[in-house]
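Structural characterization, general
Here are the chains, one letter per residue:
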Amino acid sequence: MTKASIEIDFSENIEINHPKCVHGPTLLFHSSTSKFFACSACRDRQECDIFIPYDERNEKGSKKMIQQNQREYERFKKHIQTLQKKRKIFNKKLNIYYCYTCSILFSEKKQSNHIDHQCTESLNRQQLRQPCQYVLQPLEKKRTNAQFFFSQTFIDYLINEIISKNSWDSVICIGCPTIFENLHRFSSTKSIQTYLLDYDYRLCSFYSTKQMLIYNMFNGHIFSKKKYFQEKFLKTIKNCLIVIDPPFGGFHRALSYSIEKLFQSSDINRDIILFNPYFLEKWIIDAFPNLKMLDYKVEYSSISTLNLCRGRKGSPVRMFTDISRSKFPPLDDVNYKYCFECDLYTLLTNQHCFQCQSCTSKDGLPYKHCSLCKRCVKAERVHCNNCNVCHLANQCMTNTSKRKNESADDQTKKIKV
Ligand SMILES: [Zn+2]
Ligand SMILES: [Zn+2]
Ligand SMILES: [Zn+2]
Ligand SMILES: [Zn+2]
Ligand SMILES: [Zn+2]
Ligand SMILES: [Zn+2]
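Residues numbered from 1 in each chain as written. Chains lettered and ligands numbered in written order. Predicted model: local features only at pLDDT ≥ 70, side-chain atom pairs only at ≥ 80, totals over all residues.

Under an unreviewed UniProt entry, the name given to the chain is Zinc finger CCHC domain-containing protein 4, and the organism recorded is Rotaria magnacalcarata.

The structure is reproduced here in structure tokens:
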């Protein structure tokens, strides 16, 4: 099923009317032929298998699946509550450790509870304040939870060149704990309020509900106590920057729906910086029509999975924003240039096209204008008179389908003979 053929139905109150899985309320999807509830966060049924055809939602088999998933949801919520209850403010004089087996911090007095568990050495203040940098490993077992922690160079750029030079009174980080923990350090010197919304339950041991919530950005569901966030935090801020780092496979329309829901009863002025690969631009603009893509290549520190789409192009991740792009100085002096026609910084290798009136390369590799397609295309493509679009040589879809049909015909002929 392609993204294009599938729509999400937001007409009902998802918190009340939709079955839940471990990721919170499911979403109601529909295509021309079917309507069903499925996980908001996982496209891969192997990761979260809830699937309820809408018309069969009251049948025995569906009810069993709904109950089973509801139990998993309750279990996850309980786990978060337990972690939050166990969270302690430690005396500065004590030695503090983190147990990976129990996902909690503990003091030297409790060491006997964690014998044979996988634990850290004693952690200093800075390590405790920056758990992503010093304690936790990015989750990468599952695609839904796949986390990539931003490189320190990029975080410094974002904080020093963008956040501190503008007048937001608050920053809400959604799915980007590394940015949050660095801001946290910086916000003590500048009067800027910060808050983290993230699905990573491990962070509950490091932050209170005054600092973060366990949150699924694809259905807007909050798993932990939200009183402080809704009644205090959102009431005191007026001009907010929202920084979002969604997993690549997510539904952008669902994300946009969640962001609206988060702010529905407030009149906070919001700006957005969203991170995603350049090749998802079409889907991002579809869900967030005000966002525009910046050419800058955003680097991550843990890129094992991301390596798949790297190669000679470097990082495929870009910033999408509704902030004036002139407010973003180039990431460095070596790889970017100023295009006077576009009035923007762009990749050095990106050529301005006077027909398209923009610097057209998406991935930083050379593009050329095709007068027949009336747009710029990747330089290695050639215009094909067969199908009337530009594509790589010998990759014409019309030819392949023709060839297949021809050989199928040959086969039938042979059989007939
Ligand atoms: Zn799920
Ligand atoms: Zn333990
Ligand atoms: Zn240009
Ligand atoms: Zn062009
Ligand atoms: Zn062409
Ligand atoms: Zn062709």
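For the rest of this paragraph, the subject is helix H8 (residues 252-262). Among the residues making up H8, those that are buried are His252, Ala254, Leu255, Tyr257, Ser258, Ile259 and Leu262. The secondary structure elements touched by the buried residues of H8 are strand S1 (7-9), strand S4 (27-30), strand S13 (239-244) and helix H9 (281-287). (Buried ≥ 20, exposed ≤ 12 C-beta atoms within 10 Å, placed from the backbone. Helix = DSSP H or I, 4+ residues; strand = E, 2+ residues; numbered from the N terminus. Contact = placed C-beta atoms within 7 Å.)

Let us now look at the pairing of strand S22 (residues 375-378). Bridge count between strand S21 (residues 367-370) and S22: four bridges; the pairing is antiparallel. What sits directly across from Tyr367, in S22, is Lys378. Adjacent in sequence and paired antiparallel, S21 and S22 are bridged by four residues, among which Lys374 carries a positive phi angle near 60°. (Pairing = 2+ DSSP bridges.)

As a further point, take helix H2 (residues 60-86). With 27 residues, H2 should cover 39 Å at 1.5 Å per step; its first-to-last C-alpha distance of 39 Å lies within 8% of that length. For H2, the full list of buried residues reads Ile66, Asn69 and Tyr73. (Expected span 1.5 Å × (residues − 1).)

Bringing the pairing of strand S5 (residues 35-38) into the picture now. Looking along a regular strand, one sees the side chains alternate between the two faces of the sheet. As paired strands, S4 and S5 are joined by four bridges and run antiparallel to one another. Across the sheet, the residue bridging to Leu27 is Ala38, located in S5. Where S4 hands over to S5, the hairpin turn is made up of four residues, counted between the paired strands. The pairing of S5 with strand S6 (residues 51-53) spans three bridges and is antiparallel.

What follows deals with the sheet that holds S5. Sheets are built from strands that pair by backbone hydrogen bonding, the pairs being arranged parallel or antiparallel. Reading across from one edge, S1-S4-S5-S6 is the order of the four strands in this open sheet, with antiparallel pairing throughout. Pairing within the sheet leaves two strands with one partner each, and these edge strands are S1 and S6. Between one strand axis and the next, the sheet turns through 35° on average, direction left out of account. Strand direction decides the pairing type here: S1 and S4, joined by three bridges, are antiparallel. Along S4, the bridge assignment pairs Ile8 with Phe29. (Axes fitted to C-alpha atoms, helices over the stretch in contact; angles between N-to-C directions.)

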